[in-house]
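This is what each chain is made of:
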Amino acid sequence: MRKSILILLTVFSVASSVHGQNYGWTDISANMPESANLNDVHVIGDKIWITGWNDGIFYSPDGGETFQIQPMPVNSGITSSVFMKNNLNGYVVTYSGKILKTDVGGTIWTTLHEPGGALNSVHFPPNSDTGYACGINGTVWVFDDASITDISPPDNASNLQSICFPSDNNDGKVCGETTIARYKNNTWNNLQFYDASLSYNSIFFINDTTGWCAGTNGTIIKTIDGIHWVYVSNTTENLNDIFLLNSLEGWTAGTEVLLHTVDGGETWTQELESQTVGKELRAIYFTSAHNGYVVGNDVVLKYGELLGIGEEKQSIEFKLFPNPVKGKIQIICADFKTESGIIEILSLEGKKVLEKEIEIGIENIELDLNNLKSGMYLCKITIDKKSTTKKLIIE
């Protein structure tokens, strides 16, 4: 039976409000219909799918305001990982060694394959009908809706925890325990055993060569060529997942810790330090710099826009492109058709580095950013008493 609960919010912090932003973390755990040790999360727009339930998956159609339990075939087992290709088509793997599929957004899940052995991660390359799953004893499976094939790396008995095919079916990465391996052109190549004393839990690449790996004892390593790794961590806590929006901004989470980077992992800062005590955070998913979720043992955290009690949403819609940008950027804001305003470019510390006053009737604005250094900035538009801020990356 499906259940839904009205939203109960616990606002953690609005660190970005110092810079004029209204974004921060909210604990929406109370909106879950049951308590559970949550394993993975996938988000498309306001739709959320979360694994960790026996014979079921948690689903929200409205950005976490309400949740339901989507039932699965009996004896499917505890759901471990989920990947949604779009709003309708998705796949789930379970610790009972089953691969499940939906064509209706999760309203109905059916058993697709039963390779056996605990499966920990599932992933599809962009625009591909062929997916990959990994699990215990070094197993890796390639599958589509009609067939499944064992493509496990030879002579590898590691429990593989995470798999990623960032671009296409020709280049994939997998990690688990001391193993990091690369599947390229239908063969396995060892990327690097960075340190045999470390254990890797999550691997994430934004393209075929730039990626990060996180694991036990605060392990975070990074590569920009797919071969050579460098250590980029400043924590000692166990890390379970890592997620990057782009080459600069990302998050990693684990035992009582949630870290954020805006420089590609060169430095990491802790978020929600007092609120992560006693929590095991297991998975991260962001659709944009302003919409993301972290799940774990009996906890669901949401990053998004915050409103004060009784406050109406006052926002300005505008577009930045290209973003990331090198040189000049275009800003389109329909509000400038009828109102004048100000565009500001701010550093992450809130320092104003560029300002431009906009007169009524100028909807399309071009800013020259050639004099600004590469990095993460904030673009803030103010019209009358309203303001909206978006993150801007300069290459």
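As the structure is a prediction and not an experimental result, all values here were calculated from the model. (Residues numbered from 1 in each chain as written. Predicted model: local features only at pLDDT ≥ 70, side-chain atom pairs only at ≥ 80, totals over all residues. Heavy atoms only, no water.)

Concerning the pairing of strand 31 (residues 328–332)
Reasoning step 1: In this structure, strand 30 (residues 319–321) lies alongside strand 31, joined through three bridges in antiparallel fashion. Each residue of the ladder has a partner; that of Lys319, found in strand 31, is Ile332.
Reasoning step 2: Here strand 30 folds back onto strand 31, and the loop between the two strands holds six residues, one of which, Gly327, carries a positive phi near 105 degrees.
Reasoning step 3: Looking at chain direction, strand 31 and strand 34 (residues 364–368) are connected through five bridges and run antiparallel. Bridging from a neighbouring strand, Lys328 pairs with Asp368 of strand 34. (Pairing = 2+ DSSP bridges. Helix = DSSP H or I, 4+ residues; strand = E, 2+ residues; numbered from the N terminus.)

Thoughts on the sheet that holds strand 14 (residues 148–150)
Reasoning step 1: As summarised here, the arrangement of the four strands in space is 11-12-13-14, forming an open sheet in which the pairing is antiparallel. Edge positions in the sheet fall to strand 11 (119–123) and strand 14, since each of these pairs with one other strand and no more. Here the average twist between neighbouring strands, direction ignored, is 25 degrees.
Reasoning step 2: In this sheet, strand 13 (residues 140–143) lies alongside strand 12 (residues 131–135) in antiparallel orientation, the contact comprising four bridges. By the bridge assignment, Tyr132 is partnered in strand 13 with Val142. (Axes fitted to C-alpha atoms, helices over the stretch in contact; angles between N-to-C directions.)

So, the packing of aromatic side chains
Reasoning step 1: The tally for this structure, following the rule as stated, stands at 16 aromatic pairs.
Reasoning step 2: Relative to Tyr303, the ring of Trp25 has its centre 5.2 Å away and its plane inclined at 65 degrees; by these criteria the two rings are edge-to-face. Of this pair, Trp25 sits in strand 2 (residues 23–27) while Tyr303 sits in strand 29 (residues 299–305), placing them 278 residues apart in sequence.
Reasoning step 3: When its relative accessible area of 2% is taken as the criterion, Trp25 is described as buried.
Reasoning step 4: Take Tyr303: its relative accessible area is 9%, and that puts it in the buried class.
Reasoning step 5: Each ring, one from Trp53 and one from Phe58, has its centre 5.5 Å from the other, and the planes form 65 degrees; the classification is edge-to-face. (Phe/Tyr/Trp six-rings, centres within 6.5 Å; stacked < 30°, edge-to-face > 60°. Buried < 20%, exposed > 50% of the residue type's maximum accessible area, 1.4 Å probe, protein only.)

Description of the sheet that holds strand 25 (residues 257–261)
Reasoning step 1: Strands sit in the order 23-24-25-26 across an open sheet of four strands; the sheet is antiparallel. One side of each edge strand has no neighbouring strand; the edge strands of this open sheet are strand 23 (239–244) and strand 26 (269–270).
Reasoning step 2: Pairing analysis gives five bridges linking strand 23 to strand 24 (residues 250–254), with the strands arranged antiparallel. Across the sheet, residue Ile242 finds its bridge partner in strand 24, namely Thr252.

Comments concerning unusual backbone geometry
Reasoning step 1: The step from Phe321 to Pro322 runs through a cis peptide bond, and the omega angle for that step is -10 degrees.
Reasoning step 2: One can find Pro322 in the loop between strand 30 and strand 31.
Reasoning step 3: Residue Pro324 follows Asn323 across a cis peptide bond; omega there is 15 degrees.
Reasoning step 4: Tracing the sequence through the fold places Pro324 in the loop between strand 30 and strand 31.
Reasoning step 5: Unlike most non-glycine residues, Glu177 shows phi in positive territory, near 50 degrees.
Reasoning step 6: Along the polypeptide, Glu177 turns up in the loop between strand 16 (171–176) and strand 17 (179–184).
Reasoning step 7: The exposure class assigned to Glu177 is partly exposed, which follows from its relative accessible area of 31%.

Spatial relationships are all this shows, so hold off on functional conclusions.
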